[in-house]
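Examining the three-dimensional arrangement
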Amino acid sequence: METDCNPMELPNNTGFEEDSNYRDFEGTDVKDMRLEAEAVVNDVLFAVSNMFVSKTLPCAEDVAYINVETRERNRYCLELTEAGLRVVAYDFDQTDDRLQTPYHETVYSLLDSLSPAYREVFGNALLQRLEALKKDSQS
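Scope of this entry: the structure provided in the associated data block. Everything numeric in this text was worked out from a predicted model, so none of it was measured.

**Notes on the packing of helix H3 (residues 107-114) against helix H4 (residues 116-138)**
Contact pair H3 / H4: the axes reach a minimum separation of 5 Å and the direction vectors enclose 125°. Between H3 and H4, the angle falls in the class oblique. Residues Tyr108, Leu111, Asp112 and Leu114 of H3 pack against Pro116, Tyr118, Arg119 and Phe122 of H4. Among the residues forming the contact of H3 with H4, the class breakdown is six nonpolar, no polar and two charged.

**Observations regarding the packing of helix H2 (residues 33-44) against H3**
Two elements in contact, H2 and H3, have axes separated by 11 Å at closest approach and are oriented at 55°. With respect to H3, the axis of H2 lies oblique. Considering the relative orientation of H2 and H3, their crossing is right-handed. Every residue of H3 that contacts H2 at Val40, Asp43 and Val44 is listed here: Val107, Tyr108 and Leu111. Looking at side-chain class alone, the contact of H2 with H3 contains five nonpolar, no polar and one charged residues.

**Considerations on H2**
For H2, with 12 residues, the first-to-last C-alpha span of 17 Å sits near the 16 Å given by 1.5 Å per residue. Inspection of H2 places Met33, Ala37, Val40, Val41 and Val44 among the buried residues, and these make up the whole buried set. Each buried residue of H2 lies within a common arc of 95° when the element is viewed along its axis, so the set occupies one face. Opposite the packed face of H2, turned more than 90 degrees from it, sit the exposed residues Leu35 and Asn42. Buried positions along H2 lie against strand E1 (50-53), strand E2 (64-69), strand E3 (75-81), H3 and H4.

**Regarding the pattern of salt bridges**
For the structure on display, the rule yields six salt bridges. One salt bridge in this structure joins Arg75 and Glu69, with 3.9 Å as the shortest N-O distance. A relative accessible area of 37% places Arg75 in the partly exposed class. One salt bridge in this structure joins Arg119 and Asp112, with 2.7 Å as the shortest N-O distance.

**Topic: a nonpolar patch on the surface**
On the surface, Leu126, Leu130 and Leu133 cluster together into a nonpolar patch covering about 300 Å² of accessible area. Assessed through its relative accessible area of 56%, Leu133 is described here as exposed.

**Thoughts on a negative patch on the surface**
On the surface, Asp32, Glu36, Glu61, Asp62 and Glu82 cluster together into a patch of negative charge. Mapped onto the elements, Glu36 comes out in helix H2. Classification of Glu36 as partly exposed rests on a relative accessible area of 32%.

**Some words on the side chain of Glu69**
Topologically, Glu69 is positioned in strand E2. The buried category is assigned to Glu69, whose relative accessible area is 11%. Not counting residues within four places of it along the chain, the set of residues in contact with Glu69 comprises Val48, Ser49, Asn50, Asn74, Arg75 and Phe92.

The rules behind the values
Residues numbered from 1 in each chain as written. Predicted model: local features only at pLDDT ≥ 70, side-chain atom pairs only at ≥ 80, totals over all residues. Heavy atoms only, no water. Axes fitted to C-alpha atoms, helices over the stretch in contact; angles between N-to-C directions. Helix = DSSP H or I, 4+ residues; strand = E, 2+ residues; numbered from the N terminus. Parallel < 35°, antiparallel > 145°, perpendicular 65-115°, else oblique. Contact = heavy atoms within 4.5 Å. Nonpolar A, V, L, I, M, F, W, Y, C, P; charged D, E, K, R; others polar. Left-handed = near helix turned anticlockwise from the far one by under 90°. Expected span 1.5 Å × (residues − 1). Buried < 20%, exposed > 50% of the residue type's maximum accessible area, 1.4 Å probe, protein only. Arc of directions from axis to C-beta. Salt bridge = Lys/Arg side-chain N within 4 Å of Asp/Glu carboxyl O. Patch = residues over 30% accessible without salt bridge, like charges linked within 9 Å, V, L, I, M, F, W, Y side chains within 5 Å. Areas by Shrake-Rupley, 256 points an atom, 1.4 Å probe, with all protein chains shown as cover. Lys, Arg positive; Asp, Glu negative; His and termini not counted. Charge placed at Lys NZ, Arg CZ, Asp CG, Glu CD.

Structure, rendered in structure tokens:
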């Protein structure tokens, strides 16, 4: 069904422009890094001793901080940005500007480089999922 619409007949004020919750997002593709950080934590929490988004360090649209303790009991503070994840300190809720660590594209890559126990737990979980899929496909 096709309809004719005269743009001059449309109302000038749709209410969208006035809503301050949406004004900053109009025409942009903005990610909330706190939400991204929560997703990262939920994805790999099973394979580390402890992991949570920092409530002490400031989160913004372009950066969030994640505290992680590996199964080896090593603590790290991770920075999450559009560039990826990197270690910014060797303790919770800290940043060390002198520390120059590489960015990792994924949390899996970063944890794989930091924790052999993570690698083992994650690999075993993956194997179990694959075996479950194989079992389901044979039934």
